[in-house]
Amino acid sequence: MAYCIGQIIGIVAAIGCAILPLFRKKWQMLVCSGLSALCFGLNLLLLGETGSGFIISIVCVIQTLIALWHLQKGVPVTVRENAVFLVLYVGCGILGFRSALDVLPIIASIFNMWATFQKDVHKSRILILMNASSFFVYYLMLGSTACIAELIAIATAIFTIRKKRTERDGDPLP
């Protein structure tokens with residue numbers, strides 16, 4: 001039963017990943033990212049995977065809340081905060097390290113850390129694309145429905161990056 005619920009939560013995460021790159025405002029992207037990370041963590045927990053992917057999902061939720069606070073207060077993220085989250089993502093990823101596969105969430109989390117604290121929405125989308133690509137391979141190897149979420153995130157990120165680039169350059173879409 002927990003397995004089925006975990007897979008359903010993975011589908012909910014898929015919906016979050018599908019709409020994440022489409023938001024125009026950073027706070028919307030952050031809320032969606034935090035909720036998706038929470039769903040990914042629950043998905044992995046219910047699948048019995050409490051390795052680096054699960055631990056990193058929890059750190060991601062915390063970082064997202066802090067990024068929302070920074071955005072709301074208009075306070076810039078400090079180098080120290082970036083360093084702390086880099087250490088947390090890598091350190092927590094290593095704590096949950098059980099196999100070579102656990103390297104992928106660590107790499108993906110570093111992209112996520114940069115995307116979360118990035119002010120520029122376009123750069124955030126590029127980092128989201130890198131994050132989703134890494135997590136796609138991870139979830140695919142685990143056999144989790146969350147891989148669908150990441151595949152959708154990859155597609156929408158590419159679409160949005162391309163669309164925004166052509167809008168900015170004034171070129172019509174091919």
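This report concerns the structure included in the present document. (Residues numbered from 1 in each chain as written. Predicted model: local features only at pLDDT ≥ 70, side-chain atom pairs only at ≥ 80, totals over all residues. Heavy atoms only, no water.)

### As for the environment of aspartate 102
Stated precisely, the cut-off is as follows: Segments assigned H or I by DSSP are reported as helices when at least four residues long, segments assigned E as strands when at least two residues long, and all are numbered from the N terminus. Note on classification: 1.4 Å probe, protein chains only; a residue is buried when its accessible area is under 20% of the maximum for its type, exposed when over 50%, partly exposed between these limits. Here, two residues are considered to be in contact whenever any of their heavy atoms come within 4.5 Å of each other. Identification of polar contacts relies on pairs of N or O atoms within 3.5 Å, with a donor-acceptor requirement for protein atoms, meaning one able to donate a hydrogen and the other able to accept it, and with residues adjacent in sequence counted only if both atoms are side-chain atoms.
Considering the arrangement of structural elements, one finds aspartate 102 in the loop between α4 (79–95) and α5 (103–117). Among the residues examined, aspartate 102 registers a relative accessible area of 7% and is labelled buried. Separated by 36 residues in sequence, aspartate 102 and tyrosine 138 place their C-alpha atoms 7.8 Å apart. Residues contacting aspartate 102, with those up to four places away along its chain left out, are Ser52, Gly96, Phe97 and Tyr138. At a separation of 2.7 Å, a polar atom in the side chain of aspartate 102 contacts the main-chain amide nitrogen of arginine 98.

### Some remarks on the packing of aromatic side chains
Let me state the cut-off plainly: Working definition: rings of Phe, Tyr and Trp (its six-membered ring) pair if their centres are within 6.5 Å, and the pair is stacked with planes under 30 degrees apart, edge-to-face with planes over 60 apart, and tilted otherwise.
Under the criterion given, the structure shown has seven aromatic pairs. Pairing phenylalanine 135 with tyrosine 138 gives two aromatic rings, centres 6.2 Å apart and planes at 65°, and the pair type is edge-to-face. In this pair, phenylalanine 135 and tyrosine 138 both sit in helix α6 (residues 121–142), three residues apart, roughly one turn of the helix. In terms of burial, phenylalanine 135 and tyrosine 138 fall into one category: buried.

### Topic: the side chain of threonine 116
Looking at the secondary structure, you find threonine 116 in helix α5. For threonine 116, a relative accessible area of 6% puts it in the buried group. A polar side-chain atom of threonine 116 sits 2.8 Å from the main-chain carbonyl oxygen of asparagine 112. Beyond its immediate stretch of four places on either side in the chain, threonine 116 contacts Lys26, Leu30, Gln63, Thr64 and Ala67.

### Focus on the packing of helix α3 (residues 52–73) against α4
Going by this rule: Simply put, an axis is a line fit to the C-alpha atoms, just over the touching stretch for a helix, and the angle between two N-to-C directions goes from 0 to 180 degrees. Convention used here: angles under 35 degrees read as roughly parallel, angles over 145 as roughly antiparallel, angles from 65 to 115 as roughly perpendicular, and any remaining angle as oblique. A crossing counts as left-handed when the near helix is turned anticlockwise from the far one by less than a right angle, and as right-handed when that turn is clockwise. Amino acids are sorted into nonpolar (Ala, Val, Leu, Ile, Met, Phe, Trp, Tyr, Cys and Pro), charged (Asp, Glu, Lys and Arg) and polar (every other residue, Gly among them).
Axis separation between α3 and α4 bottoms out at 8 Å; the angle between their running directions is 165°. Our classification of the angle between α3 and α4 gives roughly antiparallel. Remark: the crossing between α3 and α4 carries right-handed chirality. Residue-level contacts link Ser52, Ile55, Ile56, Val59, Cys60, Ile62, Gln63, Ile66 and His70 of α3 to Glu81, Phe85, Leu88, Tyr89, Cys92 and Gly93 of α4. Its residues assigned to classes, the contact of α3 with α4 shows ten nonpolar, four polar and one charged.

All quantities given are derived from atomic positions and should not be read as evidence of function.
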